[in-house]
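Tertiary structure, described
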Amino acid sequence: MARRKVDYLLIGGGLAAANCARWLREEGADGSVVLVSREPDPPYNRPPLSKGYLQGKESRDEVLFRPDEWWREQNIDLMLRTSVMKLDPGERVVTLSTKDEIEFDTALLATGANVRRLRVDGCELDGIHYLRAFANSEAIRAEAGRAERMVVIGGSYIGTEVAASLTWAHGVKCSIVMLENVTHENSYGAKVGGYFQRVLEDHGVDVYGGQELDRFEGSDGRVRKVVTKSGLELACDAVVVGAGVLPDTTLAKQAGLELGEARGVRCSSGLETSTPGIFAAGDICEYDSPIHGRPMRIEHWDHAFNQGKTVALNMLGRGVEHDVVPYFFSDLADWTWMEYVGPGSGETVVRGSLDDGDFTAFYLDGGRVTAALTVGRSDDLEHARRFIREHASPDPAALADQGTDLASL
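All figures in this text were calculated on a predicted structure; none of them were measured in a lab. (Residues numbered from 1 in each chain as written. Predicted model: local features only at pLDDT ≥ 70, side-chain atom pairs only at ≥ 80, totals over all residues. Heavy atoms only, no water.)

**Digging into helix α1 (residues 15-26)**
- The terminal C-alpha atoms of α1, which comprises twelve residues, lie 16 Å apart, in line with the 16 Å expected from a rise of 1.5 Å per residue.
- Buried residues dominate α1, accounting for eleven of its twelve residues.
- For α1, the set of buried residues is Leu15, Ala16, Ala17, Ala18, Asn19, Cys20, Ala21, Arg22, Trp23, Leu24 and Arg25.
- Where the residues of α1 are buried, they touch β1 (3-11), β2 (33-36), α4 (68-73), β3 (76-79), β6 (101-109) and α9 (301-315). (Helix = DSSP H or I, 4+ residues; strand = E, 2+ residues; numbered from the N terminus. Expected span 1.5 Å × (residues − 1). Buried < 20%, exposed > 50% of the residue type's maximum accessible area, 1.4 Å probe, protein only. Contact = heavy atoms within 4.5 Å.)

Set out below in structure tokens:
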């Protein structure tokens, strides 16, 4: 067993740790930086796995966070296929899967999330796929090359994006089976979610809402049918499951770090955990949001990316709050594109036309704008960010009126 000492230890192979490493160097950190990742690949952007990479439009190199040589040029030690098995916050040391130990001055936990796996009859059959890493996307793309019909379980981002990619790029006949009555209903409400469902259906994707999965059936060890509890039966050549994720807080729990009510690692507004000098970012981070005025845990890649920068600055003693309004985007092949700032919920006020696919939906909770989703109106998001930051309560009728200048509200 060997032990080494480092200045900055980054645990996790996603965008939070990668962007933290980047900003440490860009902001002048000259100490040793080690990034430990259980993945076989260097850090990369995950959104293309269900979109451009799955479609075959983007290559592996295009999806990477930085080229392989960048890590060497920045003198960042990238330890792949390696897990942190134990964290001792008091001794400030971790034990790796290799049995070696790393002593650190300051650390980041960015262990991400694991896919939620379905435990139903037939779940062990071949041809049932989950999407989280390069290899998963490649396996689904290989299935698309020989499949005529595929079923996607789940009506949120992974489900809708995968169905659109398989249909548009590979000509596969896709069906979506979901608990929601309408796609994206849980995130955006039935009115806005209905827009995305209509886009999917207009391009040949069958959508079955209000359906709870009962079992998978197969022959010769391979899935051949999806059966729901209501009796719906769909023949298929393969299945993709997009049933959400669970934050991976195993290491944090073992270390005795304080957890929050939203199943994340409890952090300050500067993303520092209950142990000084140990930070958290990404899917596991539940932080005191200075914008929202309450603890928040947000699961999407862009927020993890921005949190990585905040952690880097605070590792360098800058004492900044994470005051970034969360943003992300999604697209359904080349059929439609959406952008979102939030998260938030409440009364939905639509500016523009859902029928024409040119609209912004503002979400008002107690009169305050808490989030906004736009299709074809990116400029509206800057106003939405201002509303969210200022806890603004603009007149709903004025928001909906296209004759109103949003800058005046």
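**Observations regarding helix α10 (residues 380-389)**
- Buried residues of α10: Asp380, Leu381, Ala384, Phe387 and Ile388, and no others. Buried residues of α10, viewed axially, fall in a sector of 115°; they line one side.
- Against the buried residues of α10 lie β21 (327-332), β22 (336-341), β23 (347-353), β24 (358-365), β25 (368-375) and α11 (396-400).
- Residue His391 follows α10 closely and has a positive phi angle near 55°. (Arc of directions from axis to C-beta.)

**Some details on the sheet that holds strand β20 (residues 294-297)**
- The strand order β17-β19-β20 describes an open sheet built from three strands, whose pairing is mixed. In the strand order of this sheet, the two ends are held by β17 (265-267) and β20, each with one partner. In this sheet, neighbouring strand axes are inclined to one another by 30° on average, regardless of whether the strands run parallel or antiparallel.
- Sheet analysis places strand β19 (residues 285-289) next to β20, joined by four bridges and oriented antiparallel. (Pairing = 2+ DSSP bridges. Axes fitted to C-alpha atoms, helices over the stretch in contact; angles between N-to-C directions.)

**Quick word on the nonpolar core**
- Grouped together as the largest cluster of nonpolar side chains are 53 residues, with contacts concentrated most on Leu9, Leu10, Leu24, Val94, Ile102, Leu108 and Met315.
- By residue number, the principal contributor to this core is α1, which donates eight residues.
- Once you skip the residues sitting within four places of it in the chain, Leu10 turns out to touch Ala17, Cys20, Ala21, Leu24, Val33, Val34, Leu35, Val36, Leu108 and Met315.
- Among the nonpolar cores identified, the runner-up in size contains 45 residues, and Leu49, Ala163, Val199 and Val375 belong to it. (Core = buried A, V, L, I, M, F, W, Y, C linked by side-chain atoms within 4.5 Å.)

**Section: the sheet that holds strand β8 (residues 128-130)**
- The strand order across the open sheet formed by five strands is β8-β15-β9-β10-β11, and the pairing between neighbours is parallel. Edge positions in the sheet fall to β8 and β11 (206-208), since each of these pairs with one other strand and no more. Taken over all neighbouring pairs, the strand axes of this sheet differ in orientation by 20° on average, direction set aside.
- The pairing of strand β9 (residues 149-153) with strand β15 (residues 238-241) spans four bridges and is classified as parallel. Residue pairing for β15: Val151 is matched across the bridge by Val239.
- Relative to strand β10 (residues 173-177), helix α6 (residues 157-170) is tilted by about 170°, and along the sheet it contacts β9, β10 and β15.

**Topic: the packing of α1 against α9**
- Running from amino to carboxyl end, α1 crosses α9 at an angle of 40°, the nearest separation of the two axes being 7 Å. Relative to α9, the crossing made by α1 is right-handed. Residues Leu15, Ala16, Asn19, Cys20, Arg22, Trp23 and Leu24 of α1 pack against Trp301, Ala304, Phe305, Gly308, Lys309, Val311, Ala312 and Met315 of α9.
- Of the residues in the contact of α1 with α9, the class split is eleven nonpolar, two polar and two charged. (Left-handed = near helix turned anticlockwise from the far one by under 90°. Nonpolar A, V, L, I, M, F, W, Y, C, P; charged D, E, K, R; others polar.)

**Digging into the packing of aromatic side chains**
- Tallying each qualifying case throughout the model produces 13 aromatic pairs.
- Each ring, one from Phe328 and one from Tyr340, has its centre 5.2 Å from the other, and the planes form 55°; the classification is tilted. Taken together, the positions of Phe328 in strand β21 and Tyr340 in strand β22 put the pair twelve residues apart, joining distant regions of the chain. As far as burial versus exposure is concerned, Phe328 and Tyr340 are alike and both buried.
- Ring pairing ties together the aromatic residues Tyr157, Tyr188, Phe328 and Tyr340, which thus form one cluster.
- Its guanidinium or amino end placed over the ring of Trp70, Arg66 lies 5.6 Å from that ring's centre, counting from NZ or CZ.
- A cation over an aromatic ring shows up here: Arg117 above the ring of Tyr130, its NZ or CZ 4.4 Å from the ring centre. (Phe/Tyr/Trp six-rings, centres within 6.5 Å; stacked < 30°, edge-to-face > 60°. Lys NZ or Arg CZ within 6 Å of the ring centre and 35° of its normal.)

**Quick look at the environment of Phe329**
- Looking at the secondary structure, you find Phe329 in strand β21.
- Take Phe329: its relative accessible area is 19%, and that puts it in the buried class.
- Sequence separation between Phe329 and Tyr157 is 172 residues; the distance between their C-alpha atoms is 9.8 Å.
- Residues contacting Phe329, with those up to four places away along its chain left out, are Lys51, Trp301, Trp337, Met338 and Glu339.

**What to know about the side chain of Asn19**
- Within the secondary structure layout, Asn19 lies in helix α1.
- The exposure class assigned to Asn19 is buried, which follows from its relative accessible area of 1%.
- Within the structure, Asn19 has its side chain in polar contact with the side chain of Arg22 (distance 3.2 Å).
- Among all residues touching Asn19, those that are not within four sequence positions of it are Phe65, Phe305, Gly308 and Lys309. (Polar contact = N/O pair within 3.5 Å; in protein donor to acceptor, adjacent residues only side chain to side chain.)

**Let's talk about the pairing of β15**
- The alternating pattern of β15 places Ala238 and Val240 on one face and Val239 and Val241 on the opposite face, and all of these are buried.
- Where β8 meets β15, three bridges bridge the pair, whose relative direction is parallel. Pairing of His129 across the sheet is with Val240, part of β15.

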